[in-house]
Every structure is written in structure tokens, then in C-alpha cells.
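Descriptive structure summary
Given next are the chains, with one letter for each unit.
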Amino acid sequence: MLAKRIIPCLDVRDGKTVKGINFVDIREVGDPVELGAKYARDGADELVYLDITASHEERKLFADLVRRIAANLNIPFSVGGGINELRDADVLLSAGADKVSVNSAAIRTPGLVDQIASGFGSQFVIVAIDARYENGRWGVYINGGRVPVDKELFSWAREVQDRGAGEILFTSMNHDGTKNGFACDALRVLSESLSIPVIASGGAGREEHFVEVFNEGKADAALAASIFHYNEIPVPKLKEYLKTNKINVR
Amino acid sequence: MKIAIIKYNAGNIRSVDFALRRMGLEAEITDDHEKIRSADKVIFPGVGEAASTMKHLTANGLDNLLRELKQPVLGICLGQQLMCRQSEEGDASCIGIFDEPVLRFPPGEKVPHMGWNQLTDPAGDLFKGVEPGAYVYFIHSYYVPLCTETVAGCEYITGFSAALHRYNFYATQFHPEKSGPTGQKILENFIAL
């Protein structure tokens, strides 16, 4: 049976993982390659690296980093941040990324999704959507959740699916950082209205939240950052908990 | 040991090279016919679209070359599909090493079939030391049905071929290079053939 995926997310700036990490068995604290390899050994199913670097100079560093990640990791990983045109995706593919995720650029230039999908295949393109529930609707935001745009979560997700996206990464801004659980109601509607997989993001705080996100939210994968980085819920312990609760995991 | 990885217009060829390096092996990524013909092992990886990729292979004579190879050959993902007779993706006529069709998954579950799924009945040299139920990484929207050449199956919407074998030709629908220790074991088995 296809396993539900657990995906740690690593924010990267200047070649370093940004969020604080306190694993004792990692020598170079903050090294994204070493941290990723540790997650792979722990049983993470996939990794997401997000480049939160601002300048073009530093973007080149990111491509070098992607090459190092690809050389060292024996599980799939996706990369996101700063992919504004087809060429950016091409550079990351050549560096060894398995998938790219696009967010703001897809809103600004929706045709970019079609271009990446037809150039490299649907399986290569994840569309990341940040949305906030307010005034009775899930409004979409760009630029790291700073700028609202005139799009609604469910219709935008269907549009990018039609344009060739292979997967949706939905972050609920209402839930992100709260550690009170995922946006299961919205996730269920989203997952049931799409024919492509959905990655749930935002709100993970306890093990039972992952059971909820798969059973009630119908998510195909769940992403989290700080609970893994701070070792609040180690991946092996989470996998055991999910197995005990009859969730099919690797 | 000379290992050739066939270079063509498909994505993620490097990841196979990286996986071999992690095993202490060196490979050459090449489309040079002589280098491919003289290699001890040939790997035909790939991620991409069937019809356009076949067009590229045909234009470079790589389809005929592959068919004639005598050493162990391993097709991966799109590589496996292109080694079959015909693909529903772009209605492509393929290389035909395996006389099987490549079909689009029918509706029923999410497509692409993306993530870690279990091998059923893994058999033969490629799967020495790999237990039934072992998880490997898949990412595909088209599949090869179960057939006489199937040496490992998988279950998603329908039963399908996770791996094929005929004479010196081996192929996997999943990505051994992305499948953790199980995948590395399968690559080691191929190299040891």
C-alpha cells in the first residue's frame, strides 16, 4: 500500500539551515546536507529545502548546495524559493533536485506551471499555496504570506492542477506556528476535489495531529519544521506512533 | 568495472550517478555508442515524457543500440517504460525489448502514484536480499501491467510491474537511487550481475 509521507522542511539561507537545531549528533550545526542525511537515516520519506535568500549572488550558492544535497541524500527532495522562470527550474534539475516548488511566481505568471510541467514533467512541479481563512473564504497570499492576492485556495489549486502541477503544498497561515494541529477541514475539501497528491503544512505540534491530518484531512503527506528541528517529535517516534494508530507509513 | 549511464534529453540522470558514487563506483554519463557498447553495465535512467524522449533516442540511434546490447542493462522509471513496446503517453512507439504496453493509471486514486510503496513477490538476481513488502520510491502516472517478465509487483489502483527482466535486460518502475538502503541493495545486485 502507498505509504503516507512525513516531510521535514528546512529553510536555508547562505547555505545554512536557518531554524535552530539542537541535535547532539550533528557536528556542523546548521549544515543542511548533514541535517538532511540525518533525517533520511531517521526514516523521513522526503525533504523540502526552501531557499529564503534574497540576492542573486546567494542564489548561486543555493544551486551548489542542491548539488551537494543530491550527492549525499538517498531519498527524494524538493527545492523551492526564488524560482521565477523556466531557467531557474532547469538549473535546479541539473543540480539534482527531484522536484521544484513554485509559489508567488505561479501567481504572477501562471503559465510558468505549464512550462515546467511540459518541459520536465508534472512530477517535477509542486505548487505551494499559502492561504488564510478570513471573511468566509480561504484567500491566497504571496511573498511569504505578506501580500494578499485575488485568488481563492480551492479554485487556484484546481487551476494549477489543470496547468500540470503534480502536487499541491498547502500551508494554512491560520494554523502555521500555532502547534494546535493542521487545517483538516480545508485539507479534506482540497484533497477530495483534486486528482493530484496534497501535502499538508502548518500547525503540527503533537503526534496525534499527524493521525488527524491523514484520517480527517485526507492528506497524502504532512510537512513540518520546528518539531523536527528541535527534536520535539523525532521522526522514528512519530512513525511508530502512526503505525500504532493504523496509519500506513514506511 | 565500466558503467555507462545513457545520456539523453531526460531529467535527473545525475541522481543515478550520485548513487553509484555513494557506493564507491564511477560511471560515465555518455551518448557515445562505442562507450556504451563496450561498458560492462549500462543504466538507462530517466524522468520525462515518453513521445518526445523516444523521438530524441531514435534521432540519435540509441533505440537500436539499446536493443542490441549484450551486457546487463538496467532501465529506470521512464527507462523501463521506453523499453516496452508502446506507451499511451503521447501514443509513443517504444524500443520493444519487453513486448508489453505502457498504460495510463485509470481514475480511482491520486495520480501521479507518488511516494513509497511496497514490492510484492520480488524475485531473481535483482532482488537478492530484498524482502517482500520492502518499500521503494515511485513517481509515475503510467504503468506496465503484470506480465510474464514481471520480477516484482506493486499494488496501486491495480496490480502493476515494479520490475521486469528478460535475458540481459532489467528494468524498474521505481527509483532505486532514491529508495534508501533497499534501493542501494538493488543497485548493488545489478552491479554484481
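Just so it is clear, the model here is predicted, and its values are computed rather than measured. (Residues numbered from 1 in each chain as written. Chains lettered and ligands numbered in written order. Predicted model: local features only at pLDDT ≥ 70, side-chain atom pairs only at ≥ 80, totals over all residues. Heavy atoms only, no water.)

1. Points about the overall build of chain A
Under the convention used in this document: Secondary structure elements follow DSSP: runs of H or I no shorter than four residues count as helices, runs of E no shorter than two count as strands, and numbering proceeds from the N terminus. Radius of gyration here is computed from C-alpha atoms only, and the compact-globule reference equals 2.2 Å multiplied by the residue count raised to the power 0.38. Any residue under 20% of the maximum accessible area for its type is buried, any over 50% is exposed, and the rest in between are partly exposed; the area is computed with a 1.4 Å probe on protein chains only. Contacts between residues were defined by any pair of non-hydrogen atoms, one from each residue, lying within 4.5 Å. Here the open area of atoms and residues is found with the Shrake-Rupley method and a 1.4 Å probe, where only the protein chains shown may cover a residue. Charged residues are defined here as Lys and Arg on the positive side and Asp and Glu on the negative side; His and the ends of the chain fall outside this count. Charge positions are represented by NZ for Lys, CZ for Arg, CG for Asp and CD for Glu.
Counting secondary structure elements, chain A contains 10 helices and 11 strands. Here the C-alpha atoms of chain A give a radius of gyration of 17 Å, agreeing with the 18 Å that 2.2 N^0.38 yields for 250 residues. When the backbone C-alpha atoms are referred to their principal axes, chain A occupies close to 45 × 40 × 35 Å. Expressed as a percentage of the 250 residues in chain A, the buried residues total 58%. Within chain A, counting contacts between residues at least 6 apart in sequence, those at least 24 apart form 65% of the total. Accessible surface, chain A as shown: approximately 10,000 Å² in total, 47% of it carbon and sulfur. Across chain A, the mean location of the 30 positive side-chain charges is 2 Å away from that of the 35 negative side-chain charges.

2. Remarks on the confidence of the model for chain A
The line we're drawing: Scored between 0 and 100, pLDDT is the confidence that the predictor attaches to each residue.
Model confidence for chain A is summarised by a mean pLDDT of 91, while 94% of its residues fall at 70 or above. Confidence drops under pLDDT 50 across residues 20–29 of chain A; counting only partners more than four residues distant or on other chains, this segment forms 22 contacts.

3. As for the interface of chain A and chain B
Just so we agree on the cut-off: By buried area we mean the combined loss of accessible area, with a 1.4 Å probe, across both parts when two parts are placed together. Take a side-chain nitrogen of Lys or Arg and a carboxyl oxygen of Asp or Glu: if they are within 4 Å of each other, that pair is a salt bridge. Any pair of N or O atoms that falls within 3.5 Å is considered a polar contact. Within protein, one atom must be able to donate a hydrogen and the other to accept it, and sequence-neighbouring residues count only if both atoms are side-chain atoms. Under the scheme applied, nonpolar residues are Ala, Val, Leu, Ile, Met, Phe, Trp, Tyr, Cys and Pro; charged residues are Asp, Glu, Lys and Arg; polar residues are all the others, including Gly.
Counting residues at the interface gives 36 residues for chain A, matched by 24 residues for chain B. Taken over both partners, the interface formed by chain A and chain B buries close to 2,400 Å², and the fraction arising from carbon and sulfur atoms is 56%. The three residues of chain A that bury the most area against chain B are Leu2(A), Asn74(A) and Gln123(A), which together make up 26% of that side's buried surface. Asp220(A) serves as the salt-bridge partner of Lys110(B), at 2.8 Å between the closest nitrogen and oxygen. At the boundary of chain A with chain B, the tally comes to 15 residue pairs in polar contact (both at pLDDT 80 or more). Contributions of two or more residues to the side of chain A that touches chain B are made by helix H2 (56–72) and helix H3 (86–95) of chain A. Per element, the largest residue contribution to the side of chain A that touches chain B is 4 residues, and it comes from H2(A). Taken together, the residues of the side of chain A that touches chain B sort by class into 18 nonpolar, 9 polar and 9 charged.

4. Considerations on the packing of aromatic side chains
Two numbers describe a pair of aromatic rings. These are the distance of the centres and the angle of the planes. Keep this limit in mind: Stacked, tilted and edge-to-face are the three classes assigned to paired rings of Phe, Tyr and Trp, where Trp is represented by its six-membered ring and a pair needs centres within 6.5 Å; plane angles under 30 degrees give stacked, over 60 edge-to-face, the rest tilted. Whether a charge sits over a ring depends on NZ of Lys or CZ of Arg being within 6 Å of the ring centre and within 35 degrees of the ring normal.
In this structure the tally under the stated criterion is 17 aromatic pairs over all chains. Aromatic pair Phe120(A) and Phe124(A): ring centres 5.5 Å apart, planes at 75°, arrangement edge-to-face. Summarising the burial analysis for this pair, Phe120(A) and Phe124(A) share the class buried. Above the face of the Tyr141(A) ring, Arg132(A) is positioned so that its terminal group lies 5.7 Å from the ring centre. In this structure, Arg250(A) is placed above the aromatic ring of Trp116(B), and the distance from its NZ or CZ to the ring centre is 3.6 Å.

5. Let's talk about the sheet that holds strand E11 (residues 150–156) of chain B
Residues and elements named next belong to chain B. In plain terms, the rule: Being paired, for any two strands, means DSSP has found at least two bridges between them. Whenever a helix is involved, its axis is fitted only over the stretch in contact; in every case the axis is a line through C-alpha atoms, and angles between N-to-C directions fall within 0 to 180 degrees.
Strand order in the open sheet formed by 7 strands is E2-E1-E3-E4-E13-E12-E11, with mixed pairing between adjacent strands. Each edge of the open sheet is held by one strand with a lone partner, namely strand E2 (27–30) and E11. On average, each strand axis in the sheet is inclined to that of its neighbour by 20°, with strand direction left out of account. In the packing of helix H6 (residues 180–191) onto the sheet, the strands contacted are strand E1 (3–6), strand E3 (41–44), strand E4 (73–76) and strand E13 (169–172), and the crossing angle to E3 comes to about 140°.

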